[in-house]
Amino acid sequence: MLSVALRTLRTRWATFAGSFVALALGVALTAVMGLALASSLDAPGRGPERFAAAPVVVRGADTLRVDTSAGVQVRRLAHPRAVPAGTVAKLRRLGSVVVDRSFAVRARGGPDDLVGHPWSTAAFAPYRIDAGRPPRAADEVVVSGDWAKPGKRVRTDRGTVRVVGTVAGRGFENAVFYTDARAARLSPAAVQLVVDADPAAVREALRGSDGDGVRVLTGPGRRHADPDPDRDREALAAMNAMFGTAGGVAAFVSVFVVASTFAFAVAQRRREFGLLRVAGATPGQIRRMVFAEALVVGVLASATGCLLGAYGAPRLAGRVVDGGLAPRWFTIGDHIWPYHLAFWTGLFVALCGAAAASWRAGRTGPAQALREASADTTTGGTMTWGRWLSGLALLVTAAVTLCLSLLTDPGDLLHRKTYVSRPMLLIGAVAPLAPVAVRPLTRLIAWLPARLPGAGGMLVRENAAAGVRRTAAIAAPVLVTVALAGSLLGATATLNRARATETRQQTAAGFVITPAGGAGFDTATLRRLRDVPGVEMSATSSSAVYVLEDGVSLLESDAHAADPGPLTATTRLPIEAGKASDLDDDSIIVNGEWPRHTVGERVRVWLGDGTKRSLRIAAVMATGTGDNGVYVTPRNAPGATVDRVDIALARGTDADAAATGLRAAVRTTGGHVFTKDQWVKASYPETNRTTRLGFLLVLGIALLYTGISVANTMVMATSDRVRELAVLRLAGATTWQVLRLVGAEALTVVAVGAVLGLLVTGLNLVGMWSALALLSVRTTIDVPWTAIGAAVAACAVLAVVSSVAPAAFALRRRAVALAGLRE
């Protein structure tokens, strides 16, 4: 049978070309993903940046460590503690101590992320003067980069300063250096300092109560004193998630492509298999032949895919680095296991795709050789027990998991891992059952054309409805593309709209004011805002609260600190139990996601600086989209700065006059004054860049595979219908009429796949909408009609071109000659 399989591949190479290309691309992407993952796992540890030349860095307590039954749980504190004064005094006896201070600076014409430091810390990066001199007076600064030259006067939120020197930027920050005395006045709290002493002596000096929680950083550990030391890890995690999702979708879609291609190829070769049976071939030999074909295609495609992966991985790594999705140092390493993973996965996919087809091929009887009709007269001929079993099992699984999620944890349906995986589950359920819907959908879609004058519409309807296998094989990849585009983009758009709805419902203020850049409002600015006539101000600070879940897991919740009186006047919290006005320094407002959320119950928590407290639950909010967090008073958010001010207008206050006064109050320090509608629009959440690029990559893969599958199946189907088209020509149809018929059939089949894809999209989005309703978020479903329309249009163009082109090529010969051909 192997020799027969090889001859079949040689003579029917066009039949297997689509499967070969799809598998090769899938293996290539799997190899790229594996190489990227392996390279990220072996990524070099990032060294210290701001303190690369510092001997020892002493940092105040910046982590929370809690002993649990499952071991020590560690979380990074939202507000690290300052180094105690007694500890600083001990360290000064060991050697010179340089106090580090970091604070946000907003400068006209400067970068948005300017950070101020004392000049004495510049030597530890090290920064060196390129032009000018160090600062000596309170109004003098040195800046990094080339945005300001020595001698230029710059207006900042910290006062007008004169640039007296510049240093070369080092890539990890945009710095502005003040004199040490000026920096100490601008930022009195010192979280970390540099000690010029022996590390062992420093550790010995910090033993005892004064040094509790203080960290001594030396060598590579000094990177923990850098701003955002975990940014590389977070970037790699996002990149791995993107490539993992893309690789999973590639494998998922390639199975569909290979399975549908082999199934259709077997259906076309019924008479061929029948002749082999007449010649004495057993069902087992037929199955082994089909498996041999899949084995040869799988080996060649997998090897080609590995070569493509080796070529594409370094180039893709360069693109993700240039796009800011990976750290600058990220490169593809020399790893072997990703190639093994990709090769054997591709081969396994090929054999799995051929499994059902080989079983059907083995059941072909000798009488098939005598059949001339190619129509699928009954659905039962295409719906095998395997299709029924797999389709119904996946459909029941999707329904049961959806119901369980809605009943137990609706918020799980809002997580990316869920709304990415659920479409695949539903696609896997709908695609095997598609032949059941092909005939009624085809007749419904072609109902109006069939009633138009002429026989064209009727022929389109009957041909598409009669060729159930052909229609289902072509509709399946269209279904995958439309379902993925609608489900992924629709889920993120619906979730974003729900969050915007929450923002609108919870904002009762007439104005919302936020600081420019990352800094908060200072006391003077808040006093000026409070003095504006006719306004009531609610100042909110961002912090965090930590709580143990079941005594095992330490959870972090975003915390908002505000005074309860002004808070209730400017914010409509989604309270389900209790009253927001009951919030005080001994209580907390939690949401429904908390492990304990009964009003009046006391919970043990750790505040943003690690302070342990026992607080009474004053009220419980609805879970919503998961962004409600918790509310505490400012006393329970030590170290937090005000980063949002809500303004309510007193009765009779002129809104325009109030807006003018508010803008004047924040003009010197920089701030944005939004009306309620402007605030909702400005805070409308958007899908982050990494997620968006990941989805575009996934949809690109799906569309690519769709193109391969549709083009391959259309070419196969058209070449198999040459005699049928010749009969139409002999019956009096012109070549143009036959080509229009072929193109119309292709559009009808694409419409069937689009309808099934919209069905999957609708089921997914309705599930998310139901989860949002249970979480007390009333919103509407956002269907990405533009993206779906573009996907359907691309599929339609591919289908029409792939069917009309080979038909036009075949019809160049005389109809009598075509009709006389024998297989």
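Residues numbered from 1 in each chain as written. Predicted model: local features only at pLDDT ≥ 70, side-chain atom pairs only at ≥ 80, totals over all residues. Heavy atoms only, no water.

## Describing the overall build of the protein
Reasoning step 1: Broken down by element type, the protein carries 23 helices and 23 strands.
Reasoning step 2: Relative to its full complement of 823 residues, the protein shows a buried share of 50%.
Reasoning step 3: Looking at the protein alone, contacts between residues at least 24 apart form 80% of all its contacts between residues at least 6 apart.
Reasoning step 4: Here the protein has roughly 36200 Å² of accessible surface; of this, 59% comes from carbon and sulfur atoms. (Helix = DSSP H or I, 4+ residues; strand = E, 2+ residues; numbered from the N terminus. Buried < 20%, exposed > 50% of the residue type's maximum accessible area, 1.4 Å probe, protein only. Contact = heavy atoms within 4.5 Å. Areas by Shrake-Rupley, 256 points an atom, 1.4 Å probe, with all protein chains shown as cover.)

## Thoughts on unusual backbone geometry
Reasoning step 1: At the junction of alanine 125 and proline 126, the peptide bond is cis and its omega measures out at -5° in the coordinates.
Reasoning step 2: Structurally, proline 126 is set in the loop between strand E6 (114-118) and strand E7 (129-132).
Reasoning step 3: Despite not being glycine, serine 776 shows a phi value in the positive range, around 70°.

## A word on the nonpolar core
Reasoning step 1: The biggest cluster of nonpolar side chains holds 31 residues, and the ones touching the most others in it are Tyr419, Leu479, Leu756, Val760 and Leu772.
Reasoning step 2: For this core, the secondary-structure elements that each account for two or more residues are helix H11 (416-445), helix H14 (468-506), helix H19 (689-720) and helix H21 (735-774).
Reasoning step 3: With 10 residues, H14 is the single largest residue contributor to this core.
Reasoning step 4: The residues touching leucine 756, leaving out its near neighbours within four places in the chain, are Val430, Ala434, Ala437, Leu441 and Leu479. (Core = buried A, V, L, I, M, F, W, Y, C linked by side-chain atoms within 4.5 Å.)

## Details of the packing of aromatic side chains
Reasoning step 1: Enumeration over the complete set of coordinates arrives at six aromatic pairs.
Reasoning step 2: Measuring from centroid to centroid gives 5.5 Å for tryptophan 119 and phenylalanine 177, while their planes differ by 85°, and the two rings are edge-to-face. Note that tryptophan 119 is positioned in the loop between E6 and E7 and phenylalanine 177 in strand E11 (residues 174-178), a separation of 58 residues in sequence.
Reasoning step 3: Among the aromatic side chains, those forming a connected cluster through ring pairs are Trp119, Tyr127, Phe172 and Phe177. (Phe/Tyr/Trp six-rings, centres within 6.5 Å; stacked < 30°, edge-to-face > 60°.)

## As for the environment of valine 72
Reasoning step 1: Relative to the helices and strands, valine 72 is located in strand E3 (residues 71-76).
Reasoning step 2: For valine 72, a relative accessible area of 41% corresponds to the partly exposed category.
Reasoning step 3: As a C-alpha pair, valine 72 and serine 553 span 481 residues in sequence and 9.5 Å in three-dimensional space.
Reasoning step 4: With residues up to four places along the chain from it excluded, the contact list for valine 72 reads Arg65, Val66 and Asp67.

## Digging into the pattern of salt bridges
Reasoning step 1: Taken as a whole and judged by the stated rule, the model has 13 salt bridges.
Reasoning step 2: Across the pair arginine 50 and glutamate 173 runs a salt bridge whose closest N-O atoms are separated by 3.9 Å. Placement of arginine 50 in the loop between helix H2 (13-41) and strand E1 (56-59) and of glutamate 173 in the loop between strand E10 (159-167) and E11 is noted, with a sequence separation of 123 residues between them.
Reasoning step 3: The salt bridge partner of arginine 59 is aspartate 62, with a shortest N-O separation of 2.6 Å. For the residue pair arginine 59 and aspartate 62, the accessibility class agrees, reading buried in each case.
Reasoning step 4: Residues joined by salt bridges that share partners form a network here, namely Arg50, Asp100 and Glu173. (Salt bridge = Lys/Arg side-chain N within 4 Å of Asp/Glu carboxyl O.)

## Topic: the side chain of threonine 779
Reasoning step 1: Relative to the helices and strands, threonine 779 is located in the loop between H21 and helix H22 (785-810).
Reasoning step 2: Residue classification places threonine 779 among the buried positions, given a relative accessible area of 11%.
Reasoning step 3: Ignoring sequence-local partners within four residues, the contact set of threonine 779 consists of Arg497, Ala498, Thr501, Trp769 and Leu772.

## Re the side chain of threonine 166
Reasoning step 1: Among the structural elements, threonine 166 can be located in strand E10.
Reasoning step 2: The residues touching threonine 166, leaving out its near neighbours within four places in the chain, are Arg128, Ile129, Asp130, Ala131, Val142, Val143, Gly145, Ala148 and Pro150.

## Side note on the packing of helix H15 (residues 523-530) against helix H17 (residues 655-666)
Reasoning step 1: Packing of H15 against H17 leaves a shortest axis separation of 9 Å and a crossing angle of 165°. What the angle tells us is that H15 and H17 run roughly antiparallel. For the pair H15 and H17, the sense of crossing is right-handed. In contact with Thr525, Arg528 and Leu529 of H15, H17 contributes Leu662, Ala665 and Val666.
Reasoning step 2: The residue makeup of the contact of H15 with H17, split by class, is four nonpolar, one polar and one charged. (Axes fitted to C-alpha atoms, helices over the stretch in contact; angles between N-to-C directions. Parallel < 35°, antiparallel > 145°, perpendicular 65-115°, else oblique. Left-handed = near helix turned anticlockwise from the far one by under 90°. Nonpolar A, V, L, I, M, F, W, Y, C, P; charged D, E, K, R; others polar.)

## Things to note about the sheet that holds strand E4 (residues 97-100)
Reasoning step 1: Here four strands make up an open sheet; going across it, the order is E4-E12-E1-E13 and the pairing antiparallel. The open sheet has two free edges, formed respectively by E4 and strand E13 (215-217), since each of these has just one partner strand. Pairs of neighbouring strands in the sheet enclose a mean axial angle of 25°, with direction left out of account.
Reasoning step 2: Strand direction decides the pairing type here: E4 and strand E12 (residues 192-195), joined by four bridges, are antiparallel. Across the sheet, valine 98 pairs through a bridge with valine 194, a residue of E12. (Pairing = 2+ DSSP bridges.)

## Let's talk about a nonpolar patch on the surface
Reasoning step 1: Judged by side-chain polarity, Trp388, Leu392, Leu395 and Val436 come together as a nonpolar surface patch covering roughly 320 Å² of accessible area.
Reasoning step 2: When residues of the nonpolar patch are assigned to their parent elements, the largest contribution, three residues, is made by helix H10 (residues 385-408).
Reasoning step 3: Among the structural elements, valine 436 can be located in helix H11. (Patch = residues over 30% accessible without salt bridge, like charges linked within 9 Å, V, L, I, M, F, W, Y side chains within 5 Å.)

## Some words on the pairing of strand E16 (residues 553-561)
Reasoning step 1: By the bridge criterion, nine bridges tie strand E15 (residues 535-549) to E16 in an arrangement that is antiparallel. Across the sheet, the residue bridging to valine 547 is leucine 555, located in E16.
Reasoning step 2: Linking two consecutive strands that pair antiparallel, namely E15 and E16, is a turn of three residues; a positive phi of about 55° is found at aspartate 550 within it.
Reasoning step 3: Pairing analysis gives three bridges linking E16 to strand E21 (residues 630-632), with the strands arranged parallel. Looking across to E21, one finds that alanine 561 is bridged to valine 632.

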